[in-house]
Amino acid sequence: QVQLVESGGGLVQAGGSLTLSCTASGSIFTINDMSWYRQAPGKQRELVATFTRRGTTNYAGSVEGRFTISRDNARNMVALKMRMSSLKPEDTAVYYCNAETTRAYVYWGQGTQVTVSS
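Below you will find a few notes about this structure. Chains are numbered independently. Their residues run from 1 in the order of the written sequence. With pLDDT at 70 or above as the cut-off, local features in this predicted model cover only qualifying residues; side-chain atom pairs require 80 or more to be listed or tallied, and sums for whole chains, interfaces and linings still use all residues. Where side-chain values are given, they derive from all heavy atoms of the structure, hydrogens and water being excluded.

Quick look at the environment of Q13
Here's step 1: Where helices and strands are cited, they refer to DSSP runs of H or I of at least four residues and of E of at least two residues respectively, numbered from the N terminus. Structurally, Q13 is set in strand 2 (residues 10-13).
Here's step 2: With 103 residues separating them in the primary sequence, Q13 and V116 have C-alpha atoms 5.4 Å apart.

Written as structure tokens, this is what we have:
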């Protein structure tokens with residue numbers, strides 16, 4: 001079992017910045033890739049950014065160059081962060097932390113709201 005807890009969401013003006021954090025605990029040695037997803041009202045959940053176990057990163061085209069994902073693997077926990085800059089109103093969504101394990105299990109955090117005002 002892997003537990004994911006997110007923090008860092010909030011209200012920000014367009015052009016501003018926020019940093020989201022996700023702490024993974026439990027069977028962290030089984031985690032492969034970790035990602036951030038988001039879901040805006042009335043839309044499907046979409047992949048925003050991924051940090052793989054090998055250390056590579058991937059971004060959705062809509063956030064490339066504005067968002068930066070990072071990952072810190074400690075002994076008893078994994079910290080996943082995402083620095084979001086030059087935020088736009090269309091970035092408004094609930095952001096979810098995601099972890100995929102070696103046995104193809106998928107875990108989700110509870111979500112954190114990000115609201116960007118114009």
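Structural notes on the sheet that holds strand 3 (residues 18-26)
Here's step 1: Pairing within the open sheet is antiparallel, and its four strands lie in the order 1-3-8-7. In this open sheet, the two strands that pair with only one neighbour each are strand 1 (2-7) and strand 7 (67-73). For this sheet, the mean inter-axis angle between neighbouring strands, taken without regard to orientation, is 15°.
Here's step 2: One bridge is not enough; two strands pair if DSSP finds at least two bridges between them. Of the strand pairs in this sheet, strand 1 and strand 3 are connected by six bridges, and their pairing is antiparallel. Bridge pairing links V2 to G26 in strand 3. Here an angle of 0 to 180 degrees is reported between the N-to-C directions of two axes, which are lines fitted to C-alpha atoms, with helices fitted over the stretch in contact.

Side note on the state of the cysteines
Here's step 1: For this text, the term disulfide refers to a pair of cysteine sulfurs within 2.5 Å. For the coordinates displayed, the defined rule picks out one disulfide.
Here's step 2: In this model C22 forms its disulfide with C97; the gap between the sulfur atoms is 2.1 Å. What sets the handedness of the C22 and C97 disulfide is the S-S torsion sign, and at about -80° it is left-handed. One end of the pair, C22, is in strand 3; the other, C97, is in strand 9 (residues 93-101), with 75 residues separating them in the sequence. The burial state of C22 is the same as that of C97; both residues are buried. Burial classes follow relative accessibility: with a 1.4 Å probe on protein chains only, a residue under 20% of its type's maximum area counts as buried, one over 50% as exposed, and anything between as partly exposed.

Structural notes on the pattern of salt bridges
Side-chain pairs of opposite charge can arise whenever the charged atoms involved come near each other.
Here's step 1: The term salt bridge refers to a pairing of a side-chain nitrogen on Lys or Arg with a carboxyl oxygen on Asp or Glu at a separation within 4 Å. Taken as a whole and judged by the stated rule, the model has three salt bridges.
Here's step 2: For R38, the salt bridge goes to E46, with nearest N and O atoms at 2.6 Å.
Here's step 3: Accessibility expressed as a relative area gives 35% for E46, which makes it partly exposed.
Here's step 4: For D91, the salt bridge is made with R66, and the minimal N-O distance between the two is 2.8 Å.

What to know about the side chain of R38
Here's step 1: Tracing the chain through its elements places R38 in strand 4 (residues 31-39).
Here's step 2: Whenever a nitrogen or oxygen atom comes within 3.5 Å of another N or O atom, the pair is scored as a polar contact, on the condition that within protein one atom can donate a hydrogen and the other can accept it, and that pairs from neighbouring residues in sequence are kept only if both atoms are in side chains. A distance of 3.4 Å separates polar atoms of two side chains, one belonging to R38 and the other to S62.
Here's step 3: A polar atom in the side chain of R38 sits 3.0 Å from the side chain of D91.
Here's step 4: For R38, the residues in contact, after removing those within four places along its chain, are Q44, R45, E46, V48, S62, V63, F67, E90, D91, A93, V94 and Y95. In what follows, residue pairs with any heavy atoms lying within 4.5 Å of each other are defined as contacts.

Details of the packing of aromatic side chains
Two aromatic rings are characterised by how far apart their centres lie and by the angle between their planes.
Here's step 1: Between 30 and 60 degrees the pair is tilted, below 30 it is stacked and above 60 it is edge-to-face, where a pair is any two Phe, Tyr or Trp rings, Trp via its six-membered ring, whose centres lie within 6.5 Å. Within the structure shown, the criterion is met by two aromatic pairs.
Here's step 2: When the ring of Y96 is compared with that of W108, the centres are 6.4 Å apart and the planes differ by 90°; the resulting orientation is edge-to-face. Here W108 lies in strand 10 (residues 106-108) and Y96 lies in strand 9, a separation of 12 residues in the sequence.
Here's step 3: Here the aromatic cluster, defined as three or more aromatic residues joined through ring pairs, consists of Y37, Y96 and W108.
Here's step 4: Over the ring of Y96 we find R45, and its NZ or CZ is 3.7 Å from the ring centre.
Here's step 5: A cation over a ring is seen here: R45 above W108, with NZ or CZ 4.5 Å from the ring centre. Comment: the charge-over-ring label is applied if NZ (Lys) or CZ (Arg) is within 6 Å of the ring centre and within 35 degrees of the ring normal.

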